[in-house]
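# Report on the structure
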Amino acid sequence: MIFLMRPCPRSDEDVRFLSEGMRMSGEIRHLEFEIPVCGYISEDFDGSLCSAPFVYLSQEVPRTDLSDAPETENKKQNDLLAAAAIVAGSSVSPRSSEAHGETPSHSGARDLPPRHVPGEQVPVTLGGTGDGDPCQFPFLFLGREYSDCTADGRSDGRLWCATTYDYDHDRKWGFCETQEQAEQRLRVAEAEEVYQEAQRIIDRSSQGKEGYEMLVKAAHMGHTKATEKVASTMLLGEYLVQNISQAKVMFEKLVLEGSPKAQMALGFMYAAGLGVNSSQSKALVYYTFAALGGNLAAHMALGYRYWAGVGVPQNCESALTHYSEVARHVASEVSLTGGRAVQRIRFLDELDQPGTSSGMEEDLVQYYEYLAEKGDVQAQVGLGQLHLHGGRGVEQNHERAFKYFSQAARAGNSHAMAFLGKMYTEGSSVTPQNNETALHYFKKAAELGDPVGQSGLGMAYLHGRGVPVDFDLALQYFQKAAEQGWVDGQLQLGTMYYNGLGVEHDYKQALKYFTLASQAGHTLAFHSLAEMHAAGTGVMRSCHTAVELFKNVCERGRWADRLMVAYRNFKEGNVDAAVAQYLLLAEQGYEVAQSNVAFIFEQRRMKLFPESEMFPRALLYWSRAANQGYTVARIKVGDYHYYGYGTEADYETAAMHYRLASEQQHSAQAMFNLGYMHEEGLGVKQDVYLAKRFYDMAGEASADAQVPVYLALSKLTLLNHVKYLQGLDVKELLSWVELDELLGPEWDLYIMTVLALLLGTIIAYRQGQQLAGLRPLGQRGVPPDQPQEGVRGQPQP
């Protein structure tokens, strides 16, 4: 801290003038002072005592001469600089010669009394060249005065101070820390080293168990990031044994330290009732603080809640705010490949249609690898793309991708050349970023008419990668690629029209090409469309459309990989871990996670929740999945209300859900169910004609429904006829029939004749059966050259 010197005021005007002088700025020059004599008014030390006589410009100024301070350019200014040191012995400095036309006067290496503020202890240094000496404040370092410990001049951020005034001359210094603080710093450094080593092991290994064991060690040493990772791992059952209660304790400790990740985790636990009593209000508070701390998962959870109205009133604009924040981050990480492929496998779909899982079986991958090794170029390119992007049960592996693309490129495949160009453009541990090499591959591919190569050349000219920027050439190459349906060409054309790069702004054209690129699933295309709908650029502003598009982008973030982790855990029998992971993703708004966790609750195969909560929880997540448009989930909700699973039986509510599935998603199952309910009059008015109509609609909606629909219609027809006959009066009906007129006057003889013939036929049939029973055994279809039963083995005559 720097203190301005000032004279003892003699009038109110002097007081006002002194008050204004306190606000003056500039460098201060050091002076020496004697011990105090007069009263002192100060903004910093109001009521402290001045010290006089004191030395000013090599002249001693007694108390009676305070008004006779040496003249400078402005006596009024100079008076402001005449003051005494604080009684406690603080060193004070006047303004520099730069402001007053004077030459600074320093005493070289001469030590000055350390600054002392009442109630504040001067630090004693630890280490350095002045180990054990007290800090000197102020001190001079690189021509600048410091009145407190500083980290300037150090790359590690440790605070230090000089123990003499002129560090530049004396080089006397030490760290501003106690022995206890030094030991704590060493512990922190050791924990950081363990944490970094654990991260290296985890990054190198697909399993990473050893790395997580080291993370536990770093967490025990107090490392915050390690503690966050260990707690998350224990909560979700990844690599470490699932221990939700211990994870809760760790998160609560981290929350006290202000960790957004811990706030997000506790919010999730209260939202899902995992290890704690469910509380949506607490979940909302934790999510909000975590989002304010920049946690993207919390932003997604809040975005979904405001979009779907979960625990809060529906608010599209609030959902838009949260989702756009996450989408911006996801879009910034998307490479030229268009973003990661997100696998969405539903257990219910697998159950209904076995073998339709999108996961590629290991033996199938091995088959393609066999073809690739035999020189099949298409297999090489396919495996290269599979390893480049990851997905379909195969982890991302740039080394293997480079291997397969190189093999195909040597065989002259233009697609492989273009993808090699992409890899060199983006750079990786296998292919260092190199614009010249990328340009070489792009040119070779483009000469062969490959759209990927054409798009790559367009990107080079658009951004000046290895060539001068040329918007016209970029536009030409993008148009050629887009004409062949290549998604990158479509996306970049949209970008050029949107930003007016080399062409006039044309939002309609931009919208057209962004839409085409989005149909191929490009993440940046979804993001661009979302921004256009959010701002109303080129289209009518639509908050709802923008939120859905932003949500799509958000769900393509790196956290989407957890979907496959949870899927594998479930398939391997680690059901509790799968449930925790799916619950977390369900909180972030993933419909697949909601339907899968509902399916697991319905199976009642976990230990995390009591059995009495299984059906109510299943109904909750089926409902959330249904609200996101999953037809099967909507039918499930209807079934739960129909049978009373997890709620009271309610036929009217069941019929409402079936009707929604029928009208919105044209579900054959829902139509069939509505037909049955109308047939029986369950929750709706009994109406055979409406029942038949719904049965017919179900048969038309799905070929698989035709057999059950035929049986239902047959039953309906039969019951309708029976009911009709039951309502008839037989005597009255017979009274209407005149047999003499219908069959003639001899009708009774005709009937007797028919009955006699029928009786004769029956008698003849019975006699034939008796004669067949009396026939010898050898004549009953036994070949003549085979021995008869009972005499087998006897010689034949």
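Scroll up to find the structure.
Notes on the structure follow. Source: prediction; values computed, not measured. (Residues numbered from 1 in each chain as written. Predicted model: local features only at pLDDT ≥ 70, side-chain atom pairs only at ≥ 80, totals over all residues. Heavy atoms only, no water.)

This brings us to the layout of surface pockets. Of the volumes computed, that of the second largest pocket is approximately 590 Å³. Taken together, 17 residues line the second largest pocket, and the ones lying closest to its centre are D352, V632, I635, S667 and Q669. Elements with a minimum of two residues in the lining of the second largest pocket: α13 (347-352), α29 (631-643) and α31 (668-680). Here the lining of the second largest pocket gets five residues from one element, more than from any other, and that element is α29. Across the lining of the second largest pocket, the residue classes break down as seven nonpolar, five polar and five charged. (1 Å grid on protein atoms, 1.4 Å probe; cavity = no way out; pocket = protein on both sides within 12 Å on 5 of 7 lines; lining within 4 Å. Points joined across faces, edges and corners; volume = space filled by probe spheres on them. Helix = DSSP H or I, 4+ residues; strand = E, 2+ residues; numbered from the N terminus. Nonpolar A, V, L, I, M, F, W, Y, C, P; charged D, E, K, R; others polar.)

Moving on: the side chain of H322. Its location among the elements puts H322 in helix α12 (residues 316-332). Judged by relative accessible area, H322 falls into the buried class, the value being 15%. Within the local environment of H322, its side chain forms a polar contact with the side chain of H299, the two groups lying 3.1 Å apart. Filtering out sequence-adjacent residues up to four positions away, H322 remains in contact with H299, L302, G303 and Y306. (Buried < 20%, exposed > 50% of the residue type's maximum accessible area, 1.4 Å probe, protein only. Polar contact = N/O pair within 3.5 Å; in protein donor to acceptor, adjacent residues only side chain to side chain. Contact = heavy atoms within 4.5 Å.)

Moving on, we come to the environment of A701. Counting through the fold element by element, A701 comes out in helix α32 (residues 688-701). Remark: the alpha-carbon pair of A701 and S662, spanning 39 residues in sequence, is separated by 10.0 Å. If we skip the residues at most four places from it in the chain, A701 touches H666, A668 and M671.

Our next topic: the packing of aromatic side chains. Counted under the stated rule, the structure contains 33 aromatic pairs. Ring centres of Y640 and Y645 lie 5.8 Å apart, and the angle between their planes is 90°; on these two criteria the pair is classed as edge-to-face. Judged by its relative accessible area of 2%, Y640 is buried. By way of ring pairs, the aromatic residues F137, F139, F141, Y146, W160, Y167, W173 and F175 are connected into one cluster. Above the face of the Y630 ring, R346 is positioned so that its terminal group lies 4.4 Å from the ring centre. (Phe/Tyr/Trp six-rings, centres within 6.5 Å; stacked < 30°, edge-to-face > 60°. Lys NZ or Arg CZ within 6 Å of the ring centre and 35° of its normal.)

A complete count under the given rule lists three disulfides for this structure. Here C149 engages in a disulfide with C176; their sulfurs sit 2.1 Å apart. Its torsion about the S-S bond being -90°, the disulfide of C149 and C176 is classed as left-handed. Of this pair, C149 sits in the loop between β6 (144-146) and β7 (160-162) while C176 sits in the loop between β8 (173-175) and α5 (179-204); the two residues are 27 residues apart in sequence, bridging distant segments of the chain. C176 carries the same exposure label as C149, and that label is buried. Covalently, C316 is tied to C543 through a disulfide, its sulfur atoms 2.0 Å apart. Linking C316 and C543, the disulfide has an S-S dihedral of approximately -115° and is accordingly described as left-handed. In this pair, C316 sits in helix α12 while C543 sits in helix α24 (residues 543-554), placing the two residues 227 residues apart along the sequence. Under the relative-accessibility criterion, C316 is labelled partly exposed at 27%. (Disulfide = S-S within 2.5 Å.)

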